[in-house]
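Overview (structure and organization)
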Amino acid sequence: MNNTAETEADITALEAKIITAWREYKAAGEAEDQALARFSALLKLGQDVLVVHALAGRLGAVHQTLFDMRDRVKGTQLDWLKAAKLSADDALELLKDESALSDAAAAAWGDWRAAIEARAESKQRVVQFLQEAQGKVALRPLGRKLGVSHVRLTQLRKGES
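In this text the structure is predicted, and so the values were computed from the model without any measurement.

**Focus on the overall build of the chain**
Looking only at helices and strands, the chain has eight helices and zero strands in total. Starting at the N terminus and walking to the C terminus, you meet the elements of the chain as α-α-α-α-α-α-α-α. Taking 15 Å as the expected radius of gyration for a compact globule of 161 residues, we find that the chain reaches 21 Å, considerably beyond that expectation. If you line up the chain on its principal axes, its C-alpha atoms span 70 × 30 × 25 Å. The 161 residues of the chain split such that 38% are buried. Summing over all exposed atoms, the chain offers an accessible surface of approximately 9500 Å²; the carbon and sulfur share of this is 51%.

**A few points about the nonpolar core**
By size, the foremost hydrophobic cluster in this structure holds 30 residues, and its most contacted members are Phe39, Leu42, Leu59, Leu66, Leu86 and Trp109. Put simply, the parts of the chain that give this core at least two residues each are α1 (3-45), α2 (52-59), α3 (63-72), α4 (77-84), α5 (88-96) and α6 (98-133). When residues in this core are grouped by element, the largest group, eight residues, is from α6. If near-sequence neighbours (up to four positions away) are discounted, Trp109 is found in contact with Phe39, Leu59, Ala61, Leu66 and Met69. Counting residues in hydrophobic clusters, the runner-up holds 18 residues, among them Tyr25, Val126, Leu130 and Leu142.

**Remarks on α6**
Over its 36 residues, α6 extends 52 Å from the first C-alpha to the last, a length consistent with the 52 Å expected when each residue adds 1.5 Å. In this structure Asp97 caps α6, since a side-chain oxygen of it lies 3.1 Å from the backbone nitrogen of Ser99. Positive backbone phi, approximately 80°, marks Gly135, located one or two places after α6.

**Examining the packing of aromatic side chains**
All told, the structure shown has three aromatic pairs when counted by the stated rule. With 5.2 Å between their ring centres and 65° between their planes, Phe39 and Trp109 make a pair best called edge-to-face. Of this pair, Phe39 sits in helix α1 while Trp109 sits in helix α6, and the two are 70 residues apart along the sequence. Note on accessibility: Phe39 and Trp109 belong to one class, buried. Aromatic rings pair up to connect Phe39, Trp109 and Trp112 into one cluster. Over the ring of Trp112 we find Arg113; its NZ or CZ atom is 5.4 Å from the centre of that ring.

Rules used throughout
Residues numbered from 1 in each chain as written. Predicted model: local features only at pLDDT ≥ 70, side-chain atom pairs only at ≥ 80, totals over all residues. Heavy atoms only, no water. Helix = DSSP H or I, 4+ residues; strand = E, 2+ residues; numbered from the N terminus. Rg over C-alpha atoms; globule rule 2.2 N^0.38 Å. Buried < 20%, exposed > 50% of the residue type's maximum accessible area, 1.4 Å probe, protein only. Areas by Shrake-Rupley, 256 points an atom, 1.4 Å probe, with all protein chains shown as cover. Core = buried A, V, L, I, M, F, W, Y, C linked by side-chain atoms within 4.5 Å. Contact = heavy atoms within 4.5 Å. Expected span 1.5 Å × (residues − 1). Polar contact = N/O pair within 3.5 Å; in protein donor to acceptor, adjacent residues only side chain to side chain. Phe/Tyr/Trp six-rings, centres within 6.5 Å; stacked < 30°, edge-to-face > 60°. Lys NZ or Arg CZ within 6 Å of the ring centre and 35° of its normal.

Have a look at this one:
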């Protein structure tokens, strides 16, 4: 195999790494959004039962942040159930037991925090691969494949966002 073919194969492999890492990053972002929605919906569902100050202390969070997260939740109770991934019966059981509701909210908080970390790690892989690809992979065509602008990819590569 000549150097040109090896170089093309290397570039193709690097592009594939970026595409895979980008998909993982997007999926991690969606998982983060869903985990946040679940936590916030549990706060909203339990707004008349949950002792937010106590929960904030348990989570190491500022209680006003939890109030703000709860208050940003819009929609109907059915929307909240869906976001919280609960059946109506499960929600009724949780609402009868503040301790169980607090435990569910704490678990959802943990899931959200883990999702934030996973997204940050996946973003770092994208940045790493983009930096490796600098001068080798054209960002405009890559951006089209990913459904994102080459400007965004350049910003990521530079660590700007």
